[in-house]
Amino acid sequence: MIRLIKTELMKMKRYHILWAGVALMLLTVILTLFTTLAEDGTVWTYSFFSEQVIKNNMLMIFPMCITLITGYIINCEIKNDTLKSLLTVPVSFRAILTAKLVVAGIFSAALGFVCAVFTAAGCFAAGIPGFTVDGAILSLYQQVVVNLFLYISVLPIIIATSRSRNGFLGGVAVAFVYGYAGLFVAGSSRLSQIYPITASLGMAGYRSYEAYWNLPVCCATMAAVLAVSAGMILCMKDRGIKKKGKLKF
């Protein structure tokens, strides 16, 4: 498995779609900057700006973004007909998929780092006050952790569409709706703890000064998603790839 993960990490440089993830992190910050231009009496500071970036990223960008990128990486083996060769090595589809999912998790954390850098740059560009080193470190920590747990939240969607040629495109649409639904769930303190998308905020202590999150419940939610994802992988059988309702090797 370690060898497979190392191989997948080396293959990452081939995937130009990874730059789309970076561009979408920049888009999140730009959209948040447009919000700051609205004269609604809100006092913007660096910490508040960072919180808004995290919220916008959670609701509109990241679930769709990481589902698209991970699905594309998995689908490349099918589209380029390299999966047939890999399965004869023999390497099971479950092992290949697991390695790709681990690498996608690493990339999710990396995108959190990128978004934190863009957040700091946007703060200086817009002249938003209140930047501190401690605040920047907190922003970095929260964005990396939230991205990682948002990725875990959409894992079942990614896995469910991993065996269909181009099936990940449907998964992207589902992930977008799944993420945006967090806007409505966030209004309930109880539902926020058990809805995976919003529970990811609790894992990072988002707005912890509001004493809003029940960390054990959030952890249980994420553990349940991981258990479902692991179960889906374990139940897979290496019988080929679905294409137009048929299995094809």
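These numbers were taken from a predicted model, which means no experiment stands behind them.

Considerations on the overall build of the protein
When its secondary structure is counted, the protein shows 11 helices and two strands. For the protein, the N- to C-terminal ordering of α and β elements is α-α-α-α-α-α-α-α-α-α-α-β-β. Within the protein, the proportion of its 249 residues that are buried is 47%. The long-range fraction of contacts in the protein, counting pairs at least 24 apart against all pairs at least 6 apart in sequence, stands at 76%.

Digging into the pattern of salt bridges
One pass over the full model with this rule turns up one salt bridge. A salt bridge links Glu51 to Arg207; the shortest N-O distance between them is 3.1 Å. Placement of the pair is Glu51 in helix 3 (residues 46-79) and Arg207 in the loop between helix 10 (196-203) and helix 11 (215-234), with a sequence separation of 156 residues. Overall, the relative accessible area of 9% leaves Glu51 in the buried class.

Quick word on helix 5 (residues 93-126)
The end-to-end C-alpha distance of helix 5, which contains 34 residues, comes to 48 Å, matching closely the 50 Å that a straight helix rising 1.5 Å per residue would cover. One or two positions beyond helix 5, positive phi appears at Gly127, with a value near 70°.

A look at the confidence of the model for the protein
When pLDDT drops low, the exact placement of atoms in the prediction is not to be read closely. Predicted confidence across the protein gives a mean pLDDT of 84, with 87% of residues reaching 70 or more. When mean pLDDT is compared element by element in the protein, helix 6 (residues 133-160) scores highest at 94, while strand 2 (residues 246-248) scores lowest at 38. Here residues 239-249 scores under 50 on pLDDT; set against residues more than four positions off or in separate chains, the count is 23 contacts.

Observations regarding the packing of helix 10 against helix 11
Between helix 10 and helix 11, the shortest axis-to-axis distance is 9 Å and the interhelical angle comes to 130°. Between helix 10 and helix 11, the angle is such that the two are oblique. Where helix 10 crosses over helix 11, the two elements pack in a sense that is left-handed. Of the residues in helix 11, those touching helix 10 at Pro196, Ala199, Ser200, Gly202 and Met203 are Leu215, Cys218, Cys219, Thr221, Met222 and Val225.

Considering the environment of Ile197
Mapped onto the secondary structure, Ile197 falls in helix 10. Other than its neighbours up to four places away in sequence, Ile197 contacts Met58, Pro63, Leu150, Ser153, Tyr178 and Gly179.

Thoughts on the environment of Ala126
Structurally, Ala126 can be placed in helix 5. Exposure remark for Ala126: the relative accessible area of 43% places this residue in the partly exposed category. When the C-alpha positions of Ala126 and Phe34 are compared, they lie 9.9 Å apart, and in sequence the two are 92 residues distant.

Things to note about the nonpolar core
Grouped together as the largest cluster of nonpolar side chains are 62 residues, with contacts concentrated most on Met25, Phe49, Leu97, Leu101 and Tyr151. Among the elements of the structure, helix 2 (18-36), helix 3, helix 5, helix 6, helix 7 (168-180), helix 10 and helix 11 are those that each provide at least two residues to this core. Broken down by element, this core gets its largest block of residues, 14 residues, from helix 3.

Section: a nonpolar patch on the surface
Taken together, Leu26, Leu27, Ile30, Leu31 and Phe34 make up a surface patch of nonpolar side chains, about 410 Å² in accessible area. Looking at where Leu31 falls in the secondary structure, it is placed in helix 2.

Some points on the packing of aromatic side chains
On inspection of all chains with the given rule, the structure shows eight aromatic pairs. Each ring, one from Tyr46 and one from Phe131, has its centre 5.0 Å from the other, and the planes form 75°; the classification is edge-to-face. With Tyr46 in helix 3 and Phe131 in the loop between helix 5 and helix 6, the pair connects residues that are 85 residues apart, well separated along the chain. With relative accessibility at 32%, the residue Phe131 sits in the partly exposed group. Between Phe124 and Phe131, the aromatic rings sit 4.8 Å apart at their centres with planes inclined by 50°, giving tilted as the arrangement. An aromatic cluster is built from Trp44, Phe48 and Phe49, whose rings are joined through pairwise contacts.

Some points on the side chain of Thr161
Within the element layout of this structure, Thr161 appears in the loop between helix 6 and helix 7. Within the structure, Thr161 has its side chain in polar contact with the backbone oxygen of Ile157 (distance 3.0 Å). Within the structure, Thr161 has its side chain in polar contact with the backbone oxygen of Ile158 (distance 3.3 Å). Beyond its immediate stretch of four places on either side in the chain, Thr161 contacts Gly167, Phe168 and Gly171.

Rules used throughout
Residues numbered from 1 in each chain as written. Predicted model: local features only at pLDDT ≥ 70, side-chain atom pairs only at ≥ 80, totals over all residues. Heavy atoms only, no water. Helix = DSSP H or I, 4+ residues; strand = E, 2+ residues; numbered from the N terminus. Buried < 20%, exposed > 50% of the residue type's maximum accessible area, 1.4 Å probe, protein only. Contact = heavy atoms within 4.5 Å. Salt bridge = Lys/Arg side-chain N within 4 Å of Asp/Glu carboxyl O. Expected span 1.5 Å × (residues − 1). pLDDT = per-residue confidence, 0-100. Axes fitted to C-alpha atoms, helices over the stretch in contact; angles between N-to-C directions. Parallel < 35°, antiparallel > 145°, perpendicular 65-115°, else oblique. Left-handed = near helix turned anticlockwise from the far one by under 90°. Core = buried A, V, L, I, M, F, W, Y, C linked by side-chain atoms within 4.5 Å. Patch = residues over 30% accessible without salt bridge, like charges linked within 9 Å, V, L, I, M, F, W, Y side chains within 5 Å. Areas by Shrake-Rupley, 256 points an atom, 1.4 Å probe, with all protein chains shown as cover. Phe/Tyr/Trp six-rings, centres within 6.5 Å; stacked < 30°, edge-to-face > 60°. Polar contact = N/O pair within 3.5 Å; in protein donor to acceptor, adjacent residues only side chain to side chain.

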